[in-house]
Amino acid sequence: MEYFNLYANCQLVKGARMSLLCDLQMRRFYHIPNDTADVLLFLQQHSIEECMAHYGEDNREAITGYISFLLSKELGFKDNRLVPELTPLDLSWDRYSDITNVIIEFNEDISYTGDFFRELFDLHVQGLEIRCYHKTDLDRIRELLEVFNGTTLKFIKLVLPYEATLALPALDKLVKKYPRVRSLLIHSSPADKLEKIFDGSVPVVFFSSNINSCLACGEIRADYFMSNMELFTESQHFNTCLNRKLSIDGNGYIKNCPSLPESFGHVTKTSVREVLDNKAFQRYGKIRKDEITVCKDCEFRHVCTDCRAYVEDPQDMYSRPLKCGYDPYTNSWENWAENPLKQSAIAWYGLEEIIK
Amino acid sequence: MSQQILILSQSHLEGTTDHVCQWLGHLGIPYLRMNGEDLFDMQHLGDLPGNDEIAVVWYRRKISSFPVKYSLKQADFQTQYTLKRFLADEFNGLHSLLFYTIDRQKWLNDPITEDNLNKLHVLALARKCGISTPFTEVVTTRAAIAQLLENYHEIIVKPVSECIFLEDTAGGQYKMLTKTIHQNNLQLVPEKFFPSLVQEKITKKFEIRTFYLDGECHSMAIFSQNNRKTKDDFRNYDNQRPNRTVPYKLPAALEFKLGQLMKLLCFRTGSIDLMVDMQGNYHFLEINPEGQFGMVSYPCNYYLERKVAQLLSKSISHEKEIYQ
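Residues numbered from 1 in each chain as written. Chains lettered and ligands numbered in written order. Predicted model: local features only at pLDDT ≥ 70, side-chain atom pairs only at ≥ 80, totals over all residues. Heavy atoms only, no water.

**Describing the packing of helix 2 (residues 48–55) of chain A against helix 3 (residues 60–72) of chain A**
Residue and element names in this part refer to chain A. Axis separation between helix 2 and helix 3 bottoms out at 9 Å; the angle between their running directions is 140 degrees. Judged on the interaxial angle alone, helix 3 and helix 2 are oblique. Between helix 2 and helix 3 the crossing geometry is right-handed. For the pair formed by helix 2 and helix 3, the contact residues are Ile48, Glu49, Cys51, Met52 and Tyr55 on the first element and Arg60, Ile63, Thr64 and Ile67 on the second. Considering only residue class, the contact of helix 2 with helix 3 consists of six nonpolar, one polar and two charged. (Axes fitted to C-alpha atoms, helices over the stretch in contact; angles between N-to-C directions. Helix = DSSP H or I, 4+ residues; strand = E, 2+ residues; numbered from the N terminus. Parallel < 35°, antiparallel > 145°, perpendicular 65-115°, else oblique. Left-handed = near helix turned anticlockwise from the far one by under 90°. Contact = heavy atoms within 4.5 Å. Nonpolar A, V, L, I, M, F, W, Y, C, P; charged D, E, K, R; others polar.)

**A short note on the packing of aromatic side chains**
This model, assessed by the stated rule, comprises 33 aromatic pairs over all chains. When the centroid spacing of 5.1 Å and the interplanar angle of 20 degrees are considered together, the rings of B:Phe135 and B:Tyr152 count as stacked. On the criterion of sequence distance, the pair formed by B:Phe135 in the loop between helix 5 (119–128) and strand 4 (136–141) and B:Tyr152 in the loop between helix 6 (142–151) and strand 5 (155–158) is long-range, its members being 17 residues apart. Given the relative accessible area of 29%, B:Phe135 is considered partly exposed. Site record: aromatic cluster; members linked through ring pairs are A:Tyr7, A:Phe77, B:Phe206, B:Phe223 and B:Tyr248. (Phe/Tyr/Trp six-rings, centres within 6.5 Å; stacked < 30°, edge-to-face > 60°. Buried < 20%, exposed > 50% of the residue type's maximum accessible area, 1.4 Å probe, protein only.)

**Quick notes on the sheet that holds strand 13 (residues 269–277) of chain B**
Residue and element names in this part refer to chain B. Strand order in the open sheet formed by five strands is 12-11-10-13-14, with antiparallel pairing between adjacent strands. Of all the strands in the sheet, the pair left with one neighbour each is strand 12 (244–248) and strand 14 (282–288). Sheet twist, expressed as the mean angle between neighbouring strand axes with direction ignored, is 25 degrees. With nine bridges connecting them, strand 10 (residues 204–213) and strand 13 associate as antiparallel partners. Residue pairing in the sheet places Thr210 in a bridge with Ile272 of strand 13. (Pairing = 2+ DSSP bridges.)

**Observations regarding the side chain of A:Lys245**
Residue and element names in this part refer to chain A. Residue placement: Lys245 occurs in strand 12 (residues 245–248). Judged by relative accessible area, which is 13%, Lys245 ranks as buried. Engagement of the side chain of Lys245 in a polar contact is seen with the backbone oxygen of Asn243, the distance being 2.9 Å. Apart from residues lying up to four places away in sequence, Lys245 is in contact with Ile99, Thr100, Asn101, Glu234, Thr240, Asn256 and Phe281. (Polar contact = N/O pair within 3.5 Å; in protein donor to acceptor, adjacent residues only side chain to side chain.)

**Topic: the interface of chain A and chain B**
It is common to give the size of an interface as the accessible area that goes away when the parts come together. With 32 residues of chain A at the interface, the matching set in chain B holds 24 residues. Across the chain A/chain B interface, buried area totals approximately 2400 Å², and carbon plus sulfur atoms make up 50% of it. Of all residues in chain A, the largest losses of buried area upon contact with chain B belong to A:Glu74, A:Glu85 and A:Tyr96, amounting jointly to 26% of the total for that side. Viewed at the interface, chain B and chain A are joined by three salt bridges. Taken together, the links from chain A to chain B amount to 19 residue pairs in polar contact (both at pLDDT 80 or more). When residues of the side of chain A that touches chain B are traced back to their parent elements, those giving at least two are strand 5 (76–79) and helix 7 (229–237) of chain A. (Buried area = accessible area lost by both parts, 1.4 Å probe. Salt bridge = Lys/Arg side-chain N within 4 Å of Asp/Glu carboxyl O.)

**Let's talk about the pattern of salt bridges**
All names here are of chain B. Tallied over the entire structure, the rule returns 41 salt bridges over all chains. With a closest N to O distance of 3.0 Å, Glu14 and Arg60 form a salt bridge. On the criterion of sequence distance, the pair formed by Glu14 in the loop between strand 1 (4–9) and helix 1 (15–26) and Arg60 in the loop between strand 3 (54–59) and helix 2 (77–95) is long-range, its members being 46 residues apart. Across this residue pair, the class does not change: Glu14 and Arg60 are buried. A salt bridge links Lys62 to Asp115; the shortest N-O distance between them is 3.1 Å. Of this pair, Lys62 sits in the loop between strand 3 and helix 2 while Asp115 is found in helix 4 (residues 111–115), placing the two residues 53 residues apart along the sequence.

Next comes the structure, spelled out in structure tokens:
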């Protein structure tokens, strides 16, 4: 008897009509019909022959095809048994920091060296995004980057407006001096293109649209999907957009995300502890994709970045992201901004300007 | 003064220690981390951590590199090497003082055994515990190898000690890895050679890396067979087609025997290498008491760094109970 053993880090996520087979180790995913997914699930309990018998002779060729696809992508292997010692992947999630990611809407008039920031980065924050919507003096950015030397922060993403003087050699020099800067997004650029600096290790994305406010955020796009252990496991238990995330808006107010209206104090007056102890600050963190309307039927739900700031029904915390154009019931993408059912929410958030 | 956790590590390139320290910080458990590099700033012996203040020691690493460079007035490749060895011995002489000043039972792993672990002895101990090991011999002649090849289709040769990295005067780097000997390349083997460890070559279905932690085995299967480039040793990393690494559970009887072996060695943590042959039999290869466990922890989502932090914290709360 032959059996097909699927590797434990290849996880199947079923949607309304399609499924996603997420290879969490190789960081790839495969969009497959639910029929194929059902065969795969059957194979996790039965031999290949039993599977053929179950689905009938008519399907033998199709099933053989599925298995050779899985083998060719190295998602599993054939053996004379289902190896019981190959245990399922534990999908629990935990981190050693109360805040793992921070967004700063940069403002030259705010001091980023105060107690609040010291306390915040002492929590072992892993990733930081520094957003500049408008032209900013690079020396001021350097001063801010200097703060993180010697901290355990791993990753900084810089979002800057395009400037002709801000050429690649200057950026290369910057990231070599501050190696925590691992990626750059240059908005309002003359053209869309991808460049690499620091010997090809740091991507610089030139983006032709303007990012001149946080209204531009929250878009759900297929190229933002990520199939990896961190996101997939976190998504089983927490909200991947807001769990353990903190933002400081351009006026120094502390928020879950710059795009959300609620603030939990000001960097000059509030302590990080107070923010963390505030129940309201934690309320989005536990909203799982499995609980969100429509998303819970979507096969992309555990590779998705989600958005809780702009949702289809602004009165419902459990409604799907407004800026998502995917329909898991028809498996088609449409332009969300043109969807007539979304127009009232678009107006409610005042997004008309940015979707023109 | 309450007793605390001592972590011996290095200041650079030690993500695993950083990770465990971050967990300790998050769990609110105080600890003292001493990097080998710190010894270059000590003023007197009294700066070293003393027995009374320490409840438990996790000896992870000695040092990354000396923070100061010493060189000869007149550069000479040979003498430079001798000097390097001398300085390493000098450093070890100071560092290992802690092995004697801090009670041995406070160390997660007995430090003297750890620093002097003998591969051949460990294999013998494993067999004593009823764990199967590949046939192993130390030989000095081609004739002896030829004789072995009558019983074994292929044999491998690997160091009795550890693999080394070699550097030539031009800066070229060479790494030593396991090599296979069979009838077709036997003639390349010198007639007489330095005592060398040879082992029967086992055709593997997959490899297993087990991180043993205080009585529990956290195992990972490594599938590299369909990848010709890594057939002998999965350290020949292949970035295009990395090996598949997935969680694995060893049979209870084998876990029990591995536990016995670790106890004989006075180790509470360590990385154990095993191999599974085409028939499904397990073969023990070796133990790396300070072995990497990040490479098991992350792919299997085991949170081993948190478990190590919790074990260390258990040791100090246990101490508190005794002294209360």
